[in-house]
Amino acid sequence: MDKIQNFNYHGHTYRCGHADLGMHDEDYIKEYINLGIKKIAFTDHAPQKNKIDKRTDMRMDYSQKDEYKKSIEKLKEEYKEKIQIEVGYEIEYLPGEEENIQELKQETDKLIIGQHFIYNDNKNLKIFGEDDFEDKELIRYGKYIEKAMELKIPNIIAHPDIYMYRRKEFGKVEQEVAEIIGKSAEKYQIPLEINLCRIFRNLFAPHKTVINIPEKERQEKLKEITYPCRGFWETVSKYNIKVLYGIDAHYKGQILLFPELIKYANQVIGEETIKKLNFIK
């Protein structure tokens, strides 16, 4: 295992509906152990008490919540001599949902914010990867994350640069969002995650199954990566922030590629910027 990081706090289960349905909770743990990982957190997509995200196959149902926690707690005990295991959720912050989010926080070890959507002016969801965002909506994304940190909701901000998903260049507005997030991460000392899932999907598993792609082809696909975003990380590197890598595990074989994924992420971001970042050990 690369000396940079021997833990991962961003991992999913079949319950979210879009992870590998053939991978059970224990299967992920076995991959972590095989790689030499010492500490993990399962942070599956959180159920919503008020069902706001109406999409199917995006998160566990509220009725699965207790079974999910019991499963992870059981494995935590079974594997305590080999690996440290925590249970948590990946959530989105939305105004008006603070009480329900805090309820989830109180009953788990970790909450990570993976802000996949925001409300628009009409209080309809705008979803990254599905909708085009106006500049003011990108700023709103940054403000949501800022507010969540102010409320001390998250332990980690996952893929903070996901707002670059459909953006073709890192311009003035994109930098403003990075400044909002970087400044807040410094103020509240909440770590930002360099997310590795998009690199995994593009370079190793375009059809959700790991295949052997020639290095030359990988380098071409690497040019299409929009997050991690070099401009974002160059911007936040000037702040005194904490940083970590997140596998964002969904698929068989993804965990075992952790060192390779880090290598490609560093290439995208740039080694000079990587050297400036304060990585959690």
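Look up a bit, the structure's there.
Notes on the structure in this doc start here.

Procedures and definitions
- Residues numbered from 1 in each chain as written.
- Predicted model: local features only at pLDDT ≥ 70, side-chain atom pairs only at ≥ 80, totals over all residues.
- Heavy atoms only, no water.
- Helix = DSSP H or I, 4+ residues; strand = E, 2+ residues; numbered from the N terminus.
- Contact = heavy atoms within 4.5 Å.
- Areas by Shrake-Rupley, 256 points an atom, 1.4 Å probe, with all protein chains shown as cover.
- Lys, Arg positive; Asp, Glu negative; His and termini not counted.
- Charge placed at Lys NZ, Arg CZ, Asp CG, Glu CD.
- Axes fitted to C-alpha atoms, helices over the stretch in contact; angles between N-to-C directions.
- Parallel < 35°, antiparallel > 145°, perpendicular 65-115°, else oblique.
- Left-handed = near helix turned anticlockwise from the far one by under 90°.
- Phe/Tyr/Trp six-rings, centres within 6.5 Å; stacked < 30°, edge-to-face > 60°.
- Buried < 20%, exposed > 50% of the residue type's maximum accessible area, 1.4 Å probe, protein only.
- Lys NZ or Arg CZ within 6 Å of the ring centre and 35° of its normal.
- Pairing = 2+ DSSP bridges.
- Salt bridge = Lys/Arg side-chain N within 4 Å of Asp/Glu carboxyl O.
- 1 Å grid on protein atoms, 1.4 Å probe; cavity = no way out; pocket = protein on both sides within 12 Å on 5 of 7 lines; lining within 4 Å.
- Points joined across faces, edges and corners; volume = space filled by probe spheres on them.
- Nonpolar A, V, L, I, M, F, W, Y, C, P; charged D, E, K, R; others polar.
- Polar contact = N/O pair within 3.5 Å; in protein donor to acceptor, adjacent residues only side chain to side chain.

## What about the overall build of the protein?
From N to C terminus, the protein includes ten helices and ten strands. Reported as C-alpha extents along the three principal axes, the dimensions of the protein are approximately 50 × 45 × 35 Å. Put simply, 74% of the contacts in the protein that link residues at least 6 apart link residues at least 24 apart. As displayed, the protein offers around 12,900 Å² of accessible surface, 46% of which is attributable to carbon and sulfur atoms. Between the mean site of the 47 positive side-chain charges and the mean site of the 50 negative ones, the protein shows a separation of 2 Å.

## Some points on the packing of helix H7 (residues 215-222) against helix H9 (residues 258-269)
For the pair H7 and H9, the least separation of the axes is 11 Å and the interaxial angle reads 45 degrees. In terms of orientation, H7 lies oblique with respect to H9. Note that H7 runs across H9; the crossing there is right-handed. Contact with H7, carried on its side by Glu-215, Arg-218, Gln-219 and Leu-222, involves Tyr-264, Gln-267 and Val-268 of H9 and no other residues of that element.

## Quick notes on unusual backbone geometry
Backbone torsion omega between Tyr-227 and Pro-228 reads 10 degrees, so that peptide bond is classified as cis. With respect to the helices, strands and loops of the structure, Pro-228 is situated in the loop between H7 and helix H8 (230-236). Of note, Asp-57 is a non-glycine position whose phi angle comes to about 60 degrees, a positive value. Within the secondary structure layout, Asp-57 lies in the loop between strand E2 (39-45) and helix H2 (65-78). Backbone geometry places Gln-189, a non-glycine residue, at a positive phi of 55 degrees. With respect to the helices and strands, Gln-189 occurs in the loop between helix H5 (172-188) and strand E8 (192-195).

## Structural notes on the packing of aromatic side chains
If you walk through the whole model with that rule in mind, you get 13 aromatic pairs. Aromatic side chains Tyr-28 and Phe-42 sit 6.4 Å apart centroid to centroid with 85 degrees between the ring planes, which places their arrangement in the edge-to-face category. Taken together, the positions of Tyr-28 in helix H1 (residues 25-35) and Phe-42 in strand E2 put the pair 14 residues apart, joining distant regions of the chain. Under the relative-accessibility criterion, Tyr-28 is labelled buried at 1%. A residue is classified by how much of its surface remains accessible, and Phe-42, at 3% relative accessible area, is buried. Their ring planes at 35 degrees and their centres at 5.6 Å tell us that Tyr-68 and Tyr-89 sit as a pair that is tilted. A residue pair is termed long-range when its members are at least 10 positions apart, and Tyr-68 in helix H2 and Tyr-89 in strand E3 (residues 84-91) qualify at 21 residues. Here the aromatic cluster, defined as three or more aromatic residues joined through ring pairs, consists of Phe-128, Phe-133, Tyr-141, Tyr-163, Phe-232 and Trp-233. In this structure, Lys-110 packs its charged tip against the face of Tyr-9, placed 4.3 Å from the ring centre.

## Notes on the pairing of strand E4 (residues 110-113)
Neither face of E4 is left uncovered, since the one carrying Lys-110 and Ile-112 and the one carrying Leu-111 and Ile-113 both have all their residues buried. Pairing of E3 with E4, which is carried by four bridges, proceeds in the parallel orientation. Looking across to E4, one finds that Ile-91 is bridged to Ile-113. Pairing between E4 and strand E7 (residues 156-157): two bridges, direction parallel. Within E7, the residue paired with Ile-113 across the bridge is Ile-157.

## Some remarks on the side chain of Asp-44
Position of Asp-44 among the secondary structure elements: in strand E2. It turns out Asp-44 is buried and unbridged, and the closest side chain with the opposite charge, Arg-15, is 5.1 Å from it. Beyond its immediate stretch of four places on either side in the chain, Asp-44 contacts Gly-11, His-12, Thr-13, Arg-15, Cys-16, Met-60, Tyr-68, Gly-88, Tyr-89 and Glu-90.

## Thoughts on the layout of surface pockets
Leftover empty space is mapped by rolling, across the atoms, a probe with the size of a water molecule. Looking at the largest pocket, its volume works out to about 570 Å³. The element best represented in the lining of the largest pocket is helix H6 (residues 197-203), accounting for three residues. Here the lining of the largest pocket is composed, by residue class, of eight nonpolar, eight polar and eleven charged.

## Digging into the side chain of Arg-218
Along the chain, the position of Arg-218 falls in helix H7. Arg-218 gets classed as buried once you look at its relative accessible area, which sits at 11%. Within the structure, the side chain of Arg-218 is placed 3.2 Å from the backbone oxygen of Ile-213, a separation counted as a polar contact. Aside from chain neighbours lying at most four places away, what touches Arg-218 is Leu-203, Phe-204, Asn-212, Ile-213 and Tyr-264.

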